[in-house]
Structures are given as C-alpha cells and as structure tokens.
Amino acid sequence: MLSIRNFQKSYHNRLVLAIPQADFSPGIHWLKGRNGSGKTTFFRSVAGLLPFEGTLVLDNKYDIRQQPVEYRLRVNYGEAEPLYPQFLSAWELIRWVAATKQSPNQQVDELIDLFGIRDFMKTPVGTYSSGMLKKTSLVLAFLGKPHLILLDEPLITLDHATTRVVIERIRQQRQQGVSFLLSTHQDVDPTELPVDSTWIIQNQTLELLPQPA
Ligand SMILES: Nc1ncnc2c1ncn2[C@@H]1O[C@H](COP(=O)(O)OP(=O)(O)OP(=O)(O)O)[C@@H](O)[C@H]1O
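Parameters at a glance
- Residues numbered from 1 in each chain as written.
- Predicted model: local features only at pLDDT ≥ 70, side-chain atom pairs only at ≥ 80, totals over all residues.
- Heavy atoms only, no water.
- Near = heavy atom within 4 Å.
- Polar contact = N/O pair within 3.5 Å; in protein donor to acceptor, adjacent residues only side chain to side chain.
- Areas by Shrake-Rupley, 256 points an atom, 1.4 Å probe, with all protein chains shown as cover.
- Helix = DSSP H or I, 4+ residues; strand = E, 2+ residues; numbered from the N terminus.
- Buried < 20%, exposed > 50% of the residue type's maximum accessible area, 1.4 Å probe, protein only.
- Contact = heavy atoms within 4.5 Å.
- Pairing = 2+ DSSP bridges.
- Axes fitted to C-alpha atoms, helices over the stretch in contact; angles between N-to-C directions.
- Salt bridge = Lys/Arg side-chain N within 4 Å of Asp/Glu carboxyl O.
- Parallel < 35°, antiparallel > 145°, perpendicular 65-115°, else oblique.
- Left-handed = near helix turned anticlockwise from the far one by under 90°.
- Nonpolar A, V, L, I, M, F, W, Y, C, P; charged D, E, K, R; others polar.
- Phe/Tyr/Trp six-rings, centres within 6.5 Å; stacked < 30°, edge-to-face > 60°.
- Lys NZ or Arg CZ within 6 Å of the ring centre and 35° of its normal.

- By the naming in an unreviewed UniProt entry, the protein goes by ABC transporter ATP-binding protein and is assigned to Larkinella rosea.

Below, the structure is given as structure tokens:
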C-alpha cells in the first residue's frame, strides 16, 4: 500500500529520521514513539506537507514526486493538535477540503452528523473547545475517497461517545479498503480495533515491532 525508500528528514541539517526501506501492507498500522521521536514529522512528510529526501509510492502507482496531485488526493491527514485560521468556520474549512478532495455527494452531511458538529459549524474555529476542534479535524480527515488516512493521536480530547464513533468509522472504512497509519499514546483494545502491524520510531528510524503471539 505504501512503500518508503531512502527516506531522510532533517531540520536545519539535524537528522530527525532516516528510513532506508519500509513497506506498509493494506490495513491498520500503529505507530509508536516517545515524545519528540519524529511521529509528527513522519506523518507530515507522508501527507506531502513537508519536504524530505527519498521516495514514497502509494499503491505501487502514485509517486509523491511524479504524481503529486494524484498522491495527495488519496492520502488524508488528521493532525494531533489541529490549528486553523481562527476566523474561519468549520463549515468553510469543510467546503474547501471537500471540493479539493472531490468528496462524493452526501458525504459532507453524513460526516457532519456522524461527528455531531452541525450546531457549531458556522461559528469561527477560534471559539471552539479542543474537542470541537478535534471533531472538525476528523471530519476533514475522512473527506474524499482516500486510500490512506494518517491519524495522529485521533482520540485525544474526545469524549467517550465520540471515541466510539472514531473507532467504528475506522473499522468501517477499513472494510471498504481504506488503510490507516495511526499514532496514539493510549492503549486501544485490539478486539475493538484490530491492528495489522505495529511500528516504532526510535533511534531516528522506523522499525516493525514483532506481533504478539
Ligand atoms: N519545524 C521544526 N524545526 C526544527 N526542529 C523540529 C521542527 N519540528 C520538529 N522538530 C524536531 O524534530 C524532532 C521530532 O519532532 P516531532 O514533532 O516529529 O516528534 P513527535 O514524535 O511527533 O513528538 P510528540 O509525541 O511529542 O508529538 C524533535 O526533536 C523536534 O524538536
């Protein structure tokens, strides 16, 4: 599903991540790592938001450099702590992302109701609580017809009911062929959300962890 070759990311000549080779199969994959290990850097690079050295190819077809638009159309990203211009409303953000991601008809309404943001979506995001902001970012992360969704700490700041909604949505999308890379510092019950592999970012690289027996 996602192939990584000779990946390197530095900030101001300080190497943060070097991944000679990694291959993610279709499925749900957890990414672990201590604070500052490089998870957000990795997600932002895979999402096409940060420059890096190396090659990323989605579905053996879409190279982030050679098919930049096709690749970005198929890779969505929900940030751990989303930041948006304070004066924009969720509705304005959603309309814009839905248009760029070519969302199917009805999807916008479906996601707005699923995450319960209709009541406040026309007020500026500057007035939102952290949970309201997180719900907005999750609606944005599911828009379009992604093949891969990157979710950085998708469950933080959410109430119990919304946590269930996120887990159920991930399961449902997985059944429809969407893959996920997720990071979390929380433990998630594998009976609720089956995981195909677990990876760790440490020592400036990404390693596959052995699956528990
Ligand atoms: N824009 C930047 N400029 C310089 N250094 C940066 C920048 N962004 C991140 N870093 C550094 O890169 C390293 C990895 O940061 P990153 O935010 O990717 O970690 P993380 O694993 O997401 O951390 P956390 O779990 O705390 O969110 C850290 O040492 C951080 O200081």
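A word on the site of the ligand
Okay, so step 1: Inspection of the region around the ligand gives Tyr11, Arg14, Val16, Arg34, Asn35, Gly36, Ser37, Gly38, Lys39, Thr40, Thr41 and His185 as its neighbouring residues.
Okay, so step 2: One of the backbone nitrogen or oxygen atoms of Ser37 is found 3.2 Å away from an oxygen atom of the ligand.
Okay, so step 3: Separating an oxygen atom of the ligand from a side-chain N or O atom of Thr40 is a distance of 2.6 Å.
Okay, so step 4: Here the ligand has 640 Å² of accessible area as a free molecule, and 59% of this is covered by the chains.
Okay, so step 5: For the shell around the ligand, the secondary structure elements donating two or more residues are β2 (14–24) and α1 (39–46).

Overview of α1
Okay, so step 1: By the criterion of burial, α1 is predominantly enclosed, with six of the eight residues buried.
Okay, so step 2: Turning to α1, its buried residues number three or more, namely Lys39, Thr41, Phe42, Phe43, Ser45 and Val46.
Okay, so step 3: Looking at the residues trailing α1, positive phi occurs at Gly48, about 80 degrees.

Looking at the environment of Val165
Okay, so step 1: Structurally, Val165 is set in helix α6 (residues 160–175).
Okay, so step 2: Val165 sits in the partly exposed class, given a relative accessible area of 22%.
Okay, so step 3: Separated by 51 residues in the primary sequence, Val165 and Leu114 have C-alpha atoms spaced 7.4 Å apart.
Okay, so step 4: Beyond its immediate sequence surroundings of up to four residues, Val165 is in contact with Leu114 and Phe115.

Looking at the pairing of β2
Okay, so step 1: Bridge count between strand β1 (residues 2–11) and β2: nine bridges; the pairing is antiparallel. By the bridge assignment for β2, Ile4 is matched with Ala22.
Okay, so step 2: Here β1 hands over to β2 after two residues, with His12 in that stretch at a positive phi of 50 degrees.

Concerning the sheet that holds β2
Picture the strands of a sheet paired through backbone hydrogen bonds; they go either parallel or antiparallel.
Okay, so step 1: The strand order across the open sheet built from four strands is β2-β1-β4-β5, with neighbouring strands paired in antiparallel fashion. Each having just a single partner strand, β2 and β5 (62–63) make up the two edges of the open sheet.
Okay, so step 2: Across the sheet, α1 touches β1, β2 and β4 (53–58), and the angle it forms with β1 is around 120 degrees.

With respect to the pattern of salt bridges
Okay, so step 1: One pass over the full model with this rule turns up eight salt bridges.
Okay, so step 2: Close ionic contact of Arg44 with Glu79 constitutes a salt bridge, the shortest N to O distance being 3.2 Å. With Arg44 in helix α1 and Glu79 in the loop between β6 (75–78) and α3 (90–100), the pair connects residues that are 35 residues apart, well separated along the chain.
Okay, so step 3: Among the charged side chains, a salt-bridge network with shared partners connects Asp109, Asp113 and Arg118.

What about the packing of α3 against helix α5 (residues 130–142)?
Okay, so step 1: Packing of α3 against α5 leaves a shortest axis separation of 10 Å and a crossing angle of 15 degrees. The angle between α3 and α5 places the two elements in the roughly parallel class. Remark: the crossing between α3 and α5 carries right-handed chirality. On the side of α3, the interface is formed by Ala90, Leu93, Ile94 and Val97, while α5 contributes Thr136, Val139 and Leu140.
Okay, so step 2: Here the contact of α3 with α5 is built from residues that sort into six nonpolar, one polar and no charged.

Observations concerning the packing of aromatic side chains
Okay, so step 1: In this structure the tally under the stated criterion is eight aromatic pairs.
Okay, so step 2: Their ring planes at 45 degrees and their centres at 6.4 Å tell us that Phe42 and Phe43 sit as a pair that is tilted.
Okay, so step 3: Where Phe120 meets Tyr128, the ring centres are 5.0 Å apart and the plane angle is 75 degrees; that geometry is what we call edge-to-face.
Okay, so step 4: What makes Phe120 buried here is its relative accessible area of 12%.
Okay, so step 5: Exposure remark for Tyr128: the relative accessible area of 10% places this residue in the buried category.
Okay, so step 6: A connected cluster of aromatic rings, assembled from ring pairs, spans Phe7, Phe42, Phe43, Phe52 and Tyr77.
Okay, so step 7: Against the face of Phe52 rests Arg65, its NZ or CZ located 4.8 Å from the ring centre.
Okay, so step 8: Sitting over the face of the ring of Tyr62, Arg74 holds its NZ or CZ atom 4.1 Å from the ring centroid.

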